[in-house]
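Descriptive structure summary
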Amino acid sequence: MLVTGKDILVPARAGKYGVGAFNTNNMEITQAIIHTAERLRSPVMVQMSEGAIKYGGQDLANIVIDLAQRATVPVALHLDHGSSYESALKAIKMGFTSVMIDASHHPFEENIHETRRVVEAAHAMGISVEAELGRLGGIEEHVVVDEKDAFLTDPQEAVQFVEQTGTDYLAIAIGTSHGAYKGKGRPFIDHERIEKIEQLLSIPLVAHGSSGVPAEIVQRFRDSGGEIGDAFGIADEDLQRATQHGIAKVNVDTDLRLAMTVGVREVLKATPKEFDPRKVFGPAREVMSQIIEHKMRVLGSVGKA
Ligand SMILES: O=C(COP(=O)(O)O)NO
Ligand SMILES: [Ca+2]
Ligand code: NA
Ligand SMILES: [Zn+2]
């Protein structure tokens with residue numbers, strides 16, 4: 001069933017488990033996310049970035065909404081990294097049940113102002129809101145935040161921010177970053193910081209940049225002709241620990257991008273004569289489903305629906 005982000009994340013924080021928020025760009029990724037959630041009896045969030053909305057528009061949103069409505073587990077459709085009030089409202093008009101307003105690259109007061117506007121409008125329509133305080137490293141959808149400017153979330157500021165905005169859940173910067181290169185080796189996750197914020201805030205917390213970039217998928221990507229450097233993601237143990245301390249929404253995009261591409265590359269390499277789109281895109285669903293299943297087990301959401 002199609003539900004709001006709050007319907008999914010408030011129980012997740014209370015139950016000390018994380019819920020995967022997986023980015024989609026097409027039908028096959030959407031099917032892999034929702035069918036795997038149903039198979040494992042797990043709640044799940046499907047998210048679209050502004051780039052995905054540009055790419056698939058209402059057509060793609062409708063695929064997600066229809067699968068979500070027919071799903072036997074709770075599913076929310078979430079706008080990832082909404083960059084403005086207008087973008088958030090447009091997503092709500094498209095049928096999204098949760099929207100992120102990411103104004104974290106603005107000064108504190110402006111972030112509060114922008115976020116509060118979205119919260120008032122979204123709440124008036126029964127839609128949940130995610131906001132962000134602090135900056136991840138890596139490439140954010142619309143902002144390149146290089147290492148020196150990346151700054152982690154200040155717990156005291158977070159309390160003030162939530163009080164003044166009314167956001168339903170809060171994305172915090174705790175050492176993760178977007179993309180396949182999260183640091184040389186195991187990225188540093190500031191667990192002390194998460195646990196401090198957990199004590200001060202009762203709303204669900206969100207971890208961005210949480211792909212694991214599993215070595216096996218990276219190797220399959222190379223073996224099927226892909227080129228990728230020294231790729232590293234978030235360790236399963238770090239995610240597991242974070243879900244015990246307030247992190248309820250865990251964003252995963254890179255892992256599905258890699259899995260989808262591995263699925264396609266392996267078919268094209270193994271069967272050069274193949275040109276049936278169902279045979280080219282279909283097997284990728286299985287590769288993605290395995291990645292999604294692993295994540296749901298790490299986060300503890302299996303059987304929670
Ligand atoms: O935070 C993410 C995804 O992060 P990854 O690149 O680690 O999948 N989307 O908002
Ligand atoms: Ca941001
Ligand atoms: Na998001
Ligand atoms: Zn993100």
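Please read all numbers here as calculations on a predicted model, not as lab measurements.

**Details of the overall build of the chain**
The helix and strand inventory of the chain stands at 12 helices and eight strands. Taking 19 Å as the expected radius of gyration for a compact globule of 305 residues, we find that the chain reaches 18 Å, a close match to that expectation. Taken over 305 residues, the chain has a buried fraction of 59%. When contacts within the chain are restricted to residue pairs at least 6 apart in sequence, those whose partners lie at least 24 apart make up 79%. A total of about 12,600 Å² of accessible surface is found on the chain, and carbon and sulfur atoms cover 54% of it. Of the side-chain charges in the chain, 32 are positive and 42 negative, and the distance between the mean point of each set is 5 Å.

**With respect to the coordination of the zinc ion (ligand 4)**
Protein ligation of the zinc ion (ligand 4) involves His-81 (NE2), His-178 (NE2) and His-208 (ND1), the donor distances falling in the range 2.0 to 2.2 Å. In terms of primary sequence, the donors binding the zinc ion (ligand 4) are separated according to H-x96-H-x29-H. Separating the zinc ion (ligand 4) and the sodium ion (ligand 3) is a distance of 5.5 Å. Residue His-178 is located in the loop between strand S6 (169-172) and helix H7 (191-200), and its partner His-208 is located in the loop between strand S7 (205-207) and helix H8 (215-223); the two are separated by 30 residues in the primary sequence. You can call His-208 buried: its relative accessible area is 1%.

**Points about the UniProt feature "binding site: Zn(2+) 2" (unreviewed entry) in the chain**
This chain's UniProt record puts "binding site: Zn(2+) 2" (unreviewed entry) on Asp-102 and Glu-132. Spatial clustering of the annotated residues is evident: they stretch over 31 residues in sequence, but the largest pairwise C-alpha distance comes to 5.6 Å. With respect to the element layout, Asp-102 can be found in the loop between strand S4 (98-101) and helix H5 (108-124). In this structure Asp-102 comes out as buried when scored by relative accessible area, which is 0%.

**Thoughts on the coordination of the sodium ion (ligand 3)**
Bound to the sodium ion (ligand 3) on the protein side are His-78 (NE2), Asp-80 (OD), Glu-130 (OE), Glu-130 (OE) and Lys-249 (NZ), at distances that span 2.6 to 3.2 Å. Mapping the donors of the sodium ion (ligand 3) onto the primary sequence yields the spacing H-x1-D-x49-E-x118-K. We classify His-78 as buried; its relative accessible area is 0%. With a relative accessible area of 5%, Asp-80 lands in the buried category.

**Things to note about the pattern of salt bridges**
Working definition: two side chains of opposite charge can pair if their charged atoms are close together. Enumeration according to the criterion identifies 17 salt bridges in this entry. A salt bridge links Arg-186 to Asp-238, with the nearest nitrogen and oxygen atoms 3.1 Å apart. Of this pair, Arg-186 sits in the loop between S6 and H7 while Asp-238 sits in helix H9 (residues 236-243), and the two are 52 residues apart along the sequence. For the salt bridge of Glu-293 with Arg-297, the shortest nitrogen-to-oxygen distance reads 2.9 Å. Separated by four residues within a single helix, Glu-293 and Arg-297 lie in helix H12 (residues 284-299), roughly one turn from each other. Beyond isolated ion pairs, a larger network of salt bridges with shared partners links Arg-39, Glu-293 and Arg-297.

**Focus: the site of ligand 1**
By nearness alone, 14 residues border ligand 1, and Asp-80, Lys-182, Ser-211, Asp-253 and Thr-254 come closest of all. Take His-81: an N or O atom from its side chain is 3.2 Å from an oxygen atom of ligand 1. The backbone of Gly-179 places a nitrogen or oxygen atom 2.9 Å from an oxygen atom of ligand 1. Summarising the interface, the protein chains cover 96% of the accessible area of ligand 1, which totals 310 Å² for the free molecule. Taken together, the elements giving at least two residues each to the shell around ligand 1 come down to strand S3 (75-82) and strand S8 (247-252). When its residues are assigned to classes, the shell around ligand 1 shows one nonpolar, 10 polar and three charged.

Calculation criteria
- Residues numbered from 1 in each chain as written.
- Chains lettered and ligands numbered in written order.
- Predicted model: local features only at pLDDT ≥ 70, side-chain atom pairs only at ≥ 80, totals over all residues.
- Heavy atoms only, no water.
- Helix = DSSP H or I, 4+ residues; strand = E, 2+ residues; numbered from the N terminus.
- Rg over C-alpha atoms; globule rule 2.2 N^0.38 Å.
- Buried < 20%, exposed > 50% of the residue type's maximum accessible area, 1.4 Å probe, protein only.
- Contact = heavy atoms within 4.5 Å.
- Areas by Shrake-Rupley, 256 points an atom, 1.4 Å probe, with all protein chains shown as cover.
- Lys, Arg positive; Asp, Glu negative; His and termini not counted.
- Charge placed at Lys NZ, Arg CZ, Asp CG, Glu CD.
- Donors = N, O, S within 2.8 Å, 3.2 Å for Na, K, Ca; no water.
- UniProt positions renumbered as here; feature names shortened; annotations may be inferred.
- Salt bridge = Lys/Arg side-chain N within 4 Å of Asp/Glu carboxyl O.
- Near = heavy atom within 4 Å.
- Polar contact = N/O pair within 3.5 Å; in protein donor to acceptor, adjacent residues only side chain to side chain.
- Nonpolar A, V, L, I, M, F, W, Y, C, P; charged D, E, K, R; others polar.

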